[in-house]
Each structure stands twice: as C-alpha cells, then as structure tokens.
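# Inside the fold
Chain by chain, the residues:
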Amino acid sequence: MRNMRLTSEKRSVFSCFVAHSLLAAVLLTAMTGCGQGRLAAPTPDREAAAVLRQSLSSEGGDSGEGGAAAASTGTGWGTLTGRFIFVGTPPGAKQLVVDKDMAVCTAEGRKLFDQSLQVDEASGGLANVVVFARKAGRVKEREFSAEPLVFDQKACEFLAPVFAARVGQAIDVRNSDPIGHNTNVSGTSFNQLIPAGNGTLFTPASETGMPTMVTCNIHPWMKAYAVFRKDGYVAVSSSDGSFTIPDLPAGEEIEFQVWHERSTGPNGALAAEEPELDWSSKGRFTVTLTADETTDIGSIEIQASALGG
Amino acid sequence: MNRHSFFVCESLQRVMQNASPALACTLLLCGLLMSATGCGKTPAASFRPNMVEAAKQRLTPDQEAQVATILEAMFGTPDDPVALPETGLDVSKLRLAAGPVHSDIVGRKNGLFREHCSHCHGVTGDGMGPTAAFLNPYPRDYRPGWFKFKSTERADKPTHADLVTILNNGINGTSMPSFALLGEAKVDALVEYVKYLSMRGEAELSLMRYYFELDDEDEGKLPETREFLVEEILLPVAERWQEAEDAIIDVPEMPEVDLQESIALGKELFYGNKANCVKCHGVTGLGDGQANDYDDWNKVVKQWSDEVLSAHDASTSEMSREEKAEHRAWLARSDKALAGDALDPRTIQPRNLRQAIYRGGRRPLDLYYRIHAGINGAPMPAAAGTLTPDEIWHIVNYVRSLPYEYDGELGADRSMVARDRL
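Residues numbered from 1 in each chain as written. Chains lettered and ligands numbered in written order. Predicted model: local features only at pLDDT ≥ 70, side-chain atom pairs only at ≥ 80, totals over all residues. Heavy atoms only, no water.

### Side note on the overall build of chain A
Summing up its helical and strand segments, chain A has three helices and 17 strands in all. Burial statistics for chain A: of 309 residues in total, 44% are counted as buried. In chain A, 70% of the contacts between residues at least 6 apart in sequence involve partners at least 24 apart. On chain A, roughly 15300 Å² of surface is accessible, and the fraction owed to carbon and sulfur atoms is 52%. (Helix = DSSP H or I, 4+ residues; strand = E, 2+ residues; numbered from the N terminus. Buried < 20%, exposed > 50% of the residue type's maximum accessible area, 1.4 Å probe, protein only. Contact = heavy atoms within 4.5 Å. Areas by Shrake-Rupley, 256 points an atom, 1.4 Å probe, with all protein chains shown as cover.)

Structure representation (structure tokens):
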C-alpha cells in the first residue's frame, strides 16, 4: 500500500514522464501510421490469406489443371519476317558526356552520341527493335554455332547496342580497345573485367524476359541491351528496320513480344496500331505460320509518340 | 514521414523536459486530438508493400491487394511469421526474431529483429527504417536478394555462415554494428529472419512483375494455385538459398613466392590494363577514379526517377482525354512512391584502399573472395576468368600493402598520404 502513495514531487516527475512518453507514442503513431506523404498501402484480405495458405501447404493441392502447355498439333517449320518503320521526324541524338580515358574514347575530337533511336534516313526503318516468341508449342532442334557469338566494344562504345542470343550459346565478350573495360550484364552473374585487346567467354544460363541492360562501370555512358531466350526464337531489327525469325513451329498460334529501348509502354513493350495482328497494349501480336513458308507481316508503323515523342 | 519521426520525437521530448506540466498537458491534448482525428489507434505491425515496383508495373489497387494477400498466405505477418516447408526455413527461429519485443513464458526474449535491426533495415527489411535516410551507405534492402560480402560466387546467395560472420563482425567502416554479444542462438535466429525477409521480398518482386506476363484471358489476376505460387514463384527463390552452400569459391593456396616479389607483381597488375583496378580505385588508390556510378539498389531508383521525369516532359498532345487523366494519375503515383518509398539515390565511391578498412573482412581470404567475384550489387567487377588465382593472390598482397606504402603512386608527398589515410 505504502508504495502506491506518491509524494507530490514524485507525482509530478511521474506525470511528466507519462506525459511525454505518451506524447512520443502519439506522435509516432500519427507520423508512422498515417504517413500522409506516402501512397496508401493495400490491406491483405486476412481470411482469404488463411484459406489460400491451407491450399498451399497441402501437398498436391489443386495443381491438377493446366499441366502441360497447350498440346501442339502442327508439323513443320515456318519463318516470320517483317519491318518496323518510324513515323515522324526523329529527334536529334543527344551527345554523351565522356569524362574518362578521353585519349581513346574521344580521340581526334570524336564525339559519342546516344544510340537509343536509330532510324534509317532513306526508308525510315527503325533499328534495334526486339521481337521474340513468348511460348512456342514445339521447338526445332538446332545446333549452337561452334564459334562463339562476338559482343565487342571499341572506342568506348558497345558495337551492338541490342544483342540477342540463345540460352547456352557461348558469347565472346571482347574488348578491342587499348584500355580496360568491365562488362556488367544486369540480372545475370556476369560483371567481369575485360583486359585491353582481350576477351572472355560468357554463356547465358537463363532467360532475361524483356531485354536487360549491359553497362561498363568504368565508363558509365556505355550502354547496351541483351536478350537471351531458351528457344532462340528472337531477332533484333537491322538498320533498315527488318527482322526475320526462322525455324518457328508452323500450324499453331504463336504470340510474339515486341520491345524497344525508348518505348513508353510497360517494361519497354512497343505499341503499334495493328488490329489484324491483335497487337495489344503489352506490345504483343499473334501469328500462325505455314510450314516451309515465310510469313511477312509487312511494314509495322511505329509512331514517334510510342518512343517518347 | 516515418524516417524522420524518431528525431522529431526525440527533440520534442527534449522540449518537454524543460516545459511546465501544464504546457505538457496542452501539447499532449493537442497530440491526442490530432491522432484521434487523423488515424485512430496504432495498427498492428505490417509489412510495407514494394510501392516503387507496384507503381513501376502500373498495378491496379486490386492487383496490389492480391499480392498483399498472397504474401500473407505464404509468409504471414511481422508478428506471426509463416514459412512453407519449401523455403527450408526454421519457423521456431523465425519466432524468436519476429514480433514486438517481449519475453515468452520461460523468460526468453523475442522480437530480436525489431529490437536490434528494424530502425535501420525497416520492419519489412526494405532498408528504410527511421534512421536509414541519415546513414551512408544506406542500410541493406534485402528485398532484391543481393548480398555483398560473402564466400560464394558473385550472383549466388551468401551461406548461413557468411551472414553469421556479418552479424558477429558488423560491417567495418559503415554504421552496421557487431551483434556478437547477442550470442550464437540469437544471431542464428536473426540470420534466419534475414533470409525470410529476403525470400519474401524476392517473391513479392516476382509476383508484381508477373502481371505483365499474364495473357488477356487471365483478366489481370494471378492464378492462386499451388503450382504457380509455390513451384513457379517461391521455389526458384528458395532453391538459390539452399544452393549457396555448394557455391563457395574454391581458393587455391597462395603461391610460394617472396612476399615483396608478389607485391611487386600485384602492383603491376593493379595499375595495368589487364586488371584495371586503377580505373576505379584511382592512381592514388584513394578510391577517386570512376566515382560517379551507382550500386544496383540506387541505380534502380535513379533510372526509374529519370524515366518518370522524362514522362513528365513527354508530350501528351496525342492522347485522348482519358489517356491523359490516366497518365497524370500514374505520374502522381510514381512521384509519391519515389518520395515516400525510396531513398534519394546516391553514387557509390570505390573503396579508399589506403585506409585498411575492408567492409567484407580483412583476412587475405576475404580480399581474395572480393577480388575473385567482385562485389555483387556494386560496380566492382569480378577478376575471375580474366586473372589466374596466382595473379589474384599477388593483387591481394599488393592491396594489403597499400595502406603502408609511403612511396607509391602518391610520390614522396608523405604528409598527403598520412592525411588521406585518416
């Protein structure tokens, strides 16, 4: 009992303590709880989560349906080809800031420019568009090329701004400069020093999904993109805007994904007005190929606004 | 914003200590009123969703809620963690580390993560605890699943022992303290909890990114089947952690040459254009070479904020009225996510090698690992593949001599060396 009675001095110290610890708590709640400056976070549905957890932990729950990918019925192999045309006036390329190893990178007053938009002056062909099959019901067996593909850098630029390869294909990452570089393929295990005038082998072990960025950390203006696909059904449009993917399974609907570095679409998905190809806002179109034939989807017009104006 | 609240509170407390009880009461009342009208009672601790990724993937509120629900099913809450057997995690350890700070029935202290780590690493392990914005480097965000200082190959996860070492030693030269005094069992539990938060964060990223992969007939909803959630989302993440023990870098013996000779060979490599160390660490070794790059955590934020900025500038003249409204809403969301759910991106400086402060440990073996595999998530590249193990050992020896090298590339300017070493 005696303990409970506080002297007045003690009481005021006590009340002060209570007051400011309470205040601190209140303020903390007010500031962390409400977070006026922050986006409202979604609340998980407790009950649904509990039910879902049950089904996740029961071995062999409801994994029945879906099983194998849509059985493929067609036979033979076909080729897809097409062309990307830029509509509008391409903006001038930005000059890059080069502040390292100038003796090599900007020798004799050479300037380096952003390469993300390359339009053929004569035909309007749009280069460096990536097209790949999202899933193919059948995949034609093909050998990897015995010689590694070459991914080179010279005068502090990657020679291929957009590079495609099949998973498992060896790539010779070269450095044709008299200075050292390092090549960093984001999302993979590869970030290696490449000695001057030398090269090292890199074999991609998994798919990239959409193309992934390749950089040199020593020269941060250097930038390229790489895309790796297991089935190898991938192409990069050339300087006249054309692309070709051979050996595709014929007789089945194949959905293709289209990407461009500058695209304003989600994850770089490229928009086009092509209702006949079912071109979607995710930059996808669908085609069915005929065996031993080349299907030409013709010229696909890409509006300047789809590439950020 | 919550990272400032600690400090606001502390300074207010200081004001309060000198204030009269009457003033205190008034302030308190105000506070109470504010909070009553503002947001009501303290919510139970919850994991903060990765709003930057959500805005980047342009998820709808329904999709964000679906991700939150799936994650709660797979991982539970900060107070009540759950681990499916596929994760290989030990739930009893997680329980020691999770929850609010409290003692259980036998007097064992629980809530270790919130007691020792979350003010820096955040309850979610997103590296955004209340003190984070004031630290350089920022505390680690575990969610992308990248770790820097480990014995495994570059892209592999750290082993359990690697993380135990980090917790026991702290990270020299940063604010990350040593927790050796907690003892083995608690450190072990905390390591398990770091893995749990990291798996949760990686699963969240996979889920959010998967909406883009959906076909039209999925109607913007992820399948909630075991096949998809466990086999396609969870297992690939969990397996990487289990494989770490097999990914330890093979380190051959140091070659048997005279140490001075080895240092000389290492020096030649360091400054030459085969190993290229000089490009970033500088001719002085002070870390003043290539210094305007970002590490991967900061790069993600930097690149995305650049993208949002240029979207602000982009012409909307060709958009319909609805598209314009949608575009503006997305920009506003993105701005808010960048301001409230990301720390201002900072460049990373290559290490000053004259100071003998090594974050990943100072043993020759630690330096061998760093140079062989580079530093995952940081610009520092791997030397393996281009340099032989002997050459890496020579460089290790040279790096170890750098802090004591008075007549190196800095020349005879001894006083400068002395100053810069401090």
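Now that the structure has been shown, the text picks up again.
### Considerations on the state of the cysteines
Residue and element names in this part refer to chain A. Under the defined criterion, the tally for this structure stands at one disulfide over all chains. Note that cysteine 105 is cross-linked by a disulfide to cysteine 156, the S-S spacing being 1.9 Å. Given an S-S torsion of about -60°, the disulfide between cysteine 105 and cysteine 156 has left-handed geometry. With a gap of 51 residues between them, cysteine 105 in helix α3 (residues 102-105) and cysteine 156 in the loop between β4 (153-154) and β5 (157-158) connect regions that are remote in the sequence. For cysteine 105, a relative accessible area of 0% corresponds to the buried category. (Disulfide = S-S within 2.5 Å.)

### Some words on the pattern of salt bridges
A side chain with one charge can pair with a side chain of the opposite charge if their charged atoms come near. Enumeration over the complete set of coordinates arrives at 30 salt bridges over all chains. A salt bridge links Lys274(B) to Glu391(B), with the shortest nitrogen-to-oxygen separation between them at 3.0 Å. One end of the pair, Lys274(B), is in the loop between α11 (259-271) and α12 (277-281); the other, Glu391(B), is in helix α16 (residues 389-401), and 117 residues separate them in sequence. Connected via shared salt-bridge partners are Arg134(A), Lys135(A), Glu255(A), Glu213(B) and Asp215(B). (Salt bridge = Lys/Arg side-chain N within 4 Å of Asp/Glu carboxyl O.)

### A short note on helix α15 (residues 364-373) of chain B
Residues and elements named next belong to chain B. With eight of 10 residues buried, α15 is to be regarded as a mostly interior element. For α15, the full list of buried residues reads Asp366, Leu367, Tyr368, Tyr369, Arg370, Ile371, His372 and Ala373. Those residues of α15 that are buried are in contact with α16. Once α15 finishes, glycine 374 follows within two positions and takes phi at roughly 70°, a positive value.

### Overview of the pairing of strand β1 (residues 77-87) of chain A
Residues and elements named next belong to chain A. For β1, the buried fraction is high: eight of the 11 residues fall into the buried class. Both β1 and strand β14 (residues 242-249) contribute to a ladder of six bridges, which runs antiparallel. When the bridges of β14 are listed, tryptophan 77 appears paired with proline 249. The sheet contact formed by β1 and strand β17 (residues 294-303) spans eight bridges and is parallel. Each bridged residue has a counterpart across the sheet, and for valine 87 the counterpart in β17 is glutamine 303. (Pairing = 2+ DSSP bridges.)

### Describing a negative patch on the surface
Together, Glu253(A), Asp278(A), Asp216(B), Glu217(B), Asp218(B) and Glu219(B) make up a region of like negative charge exposed at the surface. The topology assignment puts Asp216(B) in the loop between α9 (184-213) and α10 (226-243). By relative accessible area, Asp216(B) is classed as exposed at 66%. (Patch = residues over 30% accessible without salt bridge, like charges linked within 9 Å, V, L, I, M, F, W, Y side chains within 5 Å. Lys, Arg positive; Asp, Glu negative; His and termini not counted. Charge placed at Lys NZ, Arg CZ, Asp CG, Glu CD.)

### Some points on the sheet that holds strand β7 (residues 171-174) of chain A
All names here are of chain A. Across the sheet, three strands lie side by side as β3-β7-β10; this open sheet has mixed pairing. What marks the edges here is a single partner per strand, and that holds for β3 (149-151) and β10 (199-202). Each strand axis lies, on average, 30° off the axis of its neighbour in the sheet, ignoring direction. As defined by bridge partners, β7 adjoins β10 across four bridges and the pair is classed as antiparallel. Residue arginine 174 lies in a different strand from β10, and its bridge partner there is glycine 199. (Axes fitted to C-alpha atoms, helices over the stretch in contact; angles between N-to-C directions.)

### Remarks on helix α8 (residues 160-169) of chain B
Residue and element names in this part refer to chain B. Those residues of α8 that fall on the buried side of the exposure criterion are His160, Asp162, Leu163, Ile166 and Leu167. Down the axis of α8, the buried set is contained in an arc of 165°. They therefore lie on one face. Buried residues along α8 sit against α9 and α10. Glycine 170 lies just past α8 and shows a positive phi near 70°. (Arc of directions from axis to C-beta.)

Such coordinate-based values are descriptive only and should not be taken to indicate function.
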